[in-house]
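# Reading the structure
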Amino acid sequence: MNLERPRPKSWPLAAQDITLTLTANAGILLQFQGHKWLIDGLHTGNSAFSGVPAALLDQIMAGAHPFDGIEGLCFTHLHEDHCLASVLERYRAEHPHTPVYLPPAVGEGVPQEAEGLASALARSGGPVTVLTKPKESISLGPDLTLTAFSFPHSGVEFHDVAHDCLLFSLAGCQVLFMGDAKQDPEGLSGLFSAYDIHTAVINPLFLTMGQGREALALLRPSKLVICHIPFAWEDTMRFREMVVRNTLRWQEQLPPAALLWAPLDTIAL
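### Regarding the pattern of salt bridges
Counted by the stated rule, this structure contains 5 salt bridges. The salt bridge partner of D265 is R5, with a shortest N-O separation of 2.8 Å. Of this pair, D265 sits in the loop between β13 (257–259) and β14 (266–268) while R5 is found in the segment before β1 (18–22), placing the two residues 260 residues apart along the sequence. Here D265 and R5 have matching classes, each one buried. Between E241 and R238 there is a salt bridge whose closest N-O contact spans 2.7 Å.

### Concerning the sheet that holds β13
With respect to topology, 7 strands assemble into an open sheet ordered β7-β8-β9-β10-β11-β12-β13, the strand pairing being mixed. On the outer flanks of this sheet lie β7 (135–141) and β13, each paired with one strand and no other. The sheet shows a mean angle of 20 degrees between the axes of neighbouring strands, direction not considered. Here strand β11 (residues 197–202) runs beside strand β12 (residues 223–226); their pairing, made up of 4 bridges, is parallel. If you follow T199 over to β12, its bridge partner there is K223.

### Thoughts on the pairing of β7
With 6 bridges joining them, β7 and strand β8 (residues 144–150) adopt antiparallel strand pairing. Residue pairing in the sheet places E136 in a bridge with A148 of β8. Counting the residues between successive antiparallel strands, the hairpin from β7 to β8 contains 2 residues, one of them, D143, with a positive phi of roughly 65 degrees.

### Some words on the packing of aromatic side chains
Per the counting criterion, the structure on display carries 7 aromatic pairs. Taken together through their ring pairs, the aromatic side chains of W37, F168 and F177 make up a single cluster. In this structure, R213 is placed above the aromatic ring of W250, and the distance from its NZ or CZ to the ring centre is 3.6 Å. Taking NZ or CZ as reference, R240 lies 3.8 Å from the ring centre of W261, over its face.

### Overview of the sheet that holds β14
By definition, the strands of a sheet pair up through backbone hydrogen bonds, in either a parallel or an antiparallel sense. Strand order across the open sheet formed by 7 strands is β6-β5-β4-β3-β2-β1-β14, with mixed pairing between neighbours. On the outer flanks of this sheet lie β6 (128–130) and β14, each paired with one strand and no other. Neighbour-to-neighbour, the strand axes of the sheet open up by a mean angle of 20 degrees, direction not taken into account. Bridging between β1 and β14 involves 3 bridges; their strand directions are antiparallel. Opposite T19, over in β14, you have A268 as the bridge partner.

### What about helix α2 (residues 85–94)?
The set of residues buried in α2 consists of A85, V87, L88, Y91 and R92. Mapping the buried residues of α2 onto a view down its axis gives an arc of 165 degrees, with all of them on the same face. For α2, exposure combined with an orientation more than 90 degrees from the buried face picks out A93 and E94. In the core, the buried residues of α2 are packed alongside α1 (54–62), β4 (72–74), β5 (100–102), α3 (117–123) and β6.

### Concerning the environment of T145
Along the polypeptide, T145 turns up in strand β8. Considering only alpha carbons, one finds T145 and S169, 24 residues apart in sequence, at a separation of 5.1 Å. Apart from residues no more than four positions distant in its own chain, T145 is found in contact with S137, I138, L140, L167, F168 and S169.

### A few points about the pairing of strand β10 (residues 173–177)
Taking burial as the measure, the 5 residues of β10 include 5 buried ones, the bulk of the element. Burial along β10 is two-sided: the face carrying C173, V175 and F177 and the face carrying Q174 and L176 are both buried. By the bridge criterion, 5 bridges tie strand β9 (residues 164–170) to β10 in an arrangement that is antiparallel. Residue pairing across strands places L170 opposite C173, the latter belonging to β10.

### Description of helix α6 (residues 210–219)
Looking only at α6, the buried set comprises G212, R213, A215, L216 and L219. Looking straight down α6, one finds that the buried residues subtend no more than 155 degrees of arc, so they occupy a single side.

### So, the packing of helix α4 (residues 185–192) against α6
Taken N-terminus to C-terminus, the directions of α4 and α6 make an angle of 20 degrees; their axes are 8 Å apart at the nearest point. When the axis of α4 is compared with that of α6, the two are roughly parallel. Here α4 and α6 pass one another in a crossing that is right-handed. In contact with P185, L188, S189 and F192 of α4, α6 contributes Q211, E214, A215, L218 and L219. For the contact of α4 with α6, the class distribution of residues is 6 nonpolar, 2 polar and 1 charged.

Conventions and cut-offs
- Residues numbered from 1 in each chain as written.
- Predicted model: local features only at pLDDT ≥ 70, side-chain atom pairs only at ≥ 80, totals over all residues.
- Heavy atoms only, no water.
- Salt bridge = Lys/Arg side-chain N within 4 Å of Asp/Glu carboxyl O.
- Helix = DSSP H or I, 4+ residues; strand = E, 2+ residues; numbered from the N terminus.
- Buried < 20%, exposed > 50% of the residue type's maximum accessible area, 1.4 Å probe, protein only.
- Pairing = 2+ DSSP bridges.
- Axes fitted to C-alpha atoms, helices over the stretch in contact; angles between N-to-C directions.
- Phe/Tyr/Trp six-rings, centres within 6.5 Å; stacked < 30°, edge-to-face > 60°.
- Lys NZ or Arg CZ within 6 Å of the ring centre and 35° of its normal.
- Arc of directions from axis to C-beta.
- Contact = heavy atoms within 4.5 Å.
- Parallel < 35°, antiparallel > 145°, perpendicular 65-115°, else oblique.
- Left-handed = near helix turned anticlockwise from the far one by under 90°.
- Nonpolar A, V, L, I, M, F, W, Y, C, P; charged D, E, K, R; others polar.

Function-wise, these values are silent; they only describe arrangement.
Shown next as C-alpha cells:
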C-alpha cells in the first residue's frame, strides 16, 4: 500500500540550524552548525524492524556526505535494531578516533556478542564512554552537551535492559532522543520537567498508548519527530498504517509531528 505521509500543520524552525537524517529504524544523524552525531544508527535490523541498507551502510563507513566528520556515536541501548556490535566495530576500524557513548550490554534481548563490545572498542584506541550513572553529562564542545538519563526500556520483558534517553543541548536548544523508553508519564516528567524540550524524537508507541500521550503532554515538547518505523518494502506488520492512523487521530491533542520513515529522510528543526 502506498501511504501518504502525514504532514504537520505547522513547523516553525528553531533559530539554530539543526537537522535530523534517518539511517534506519531509530538511527538518526543529528547535525548542528557543522557538528554531527550519529544516534542508534549502525545496525542491520531484526525480524520486525528495518536495518540500515547495505549501500547506505557503505556510505556511512566511507564517511561520505552527509556522514563525514561525525563527532560521536551515541546509543540508547544495545538491541540489534539500534546497535549491532559487528557493524560498530567495523565503523571504528575505519574511524578509530570517533568517540562512542553507550550503555552497558545488560538485559533481555541484548546479544551475547555485545557483552565484550566496550572492551573491543577501547582496544582500537579510540575513546569509549560506558554510561553507567543515572544521569551523566558530557561536554561535546562550547555550549554543546549530551546528557544521558538512565530510564527503563518499554515492555515488562525488557525491564532489565540498560537503556538511556539522550538529551542534546545545542546552544540552549534541547533535542531529546527517547529510544525505546517506557511510556511512564510520572517517571519521564520527573526526569525532564525542568527542561524546555524543543523536539522529542519518539517511537510510535508514544502515540498508540494512552500513557505515552500522557507523558508527552507532561513533557510539553514543541515538536515531535516519529521514527522506529519499518521501511515500506519490509513492513510485514502493516506498522506504517498504524503510525499514519494514530498520527492523524491525535494531531490536534499533540505537538506538531513529523515522520522519518525512509532512508536519508531529512528534516530541519
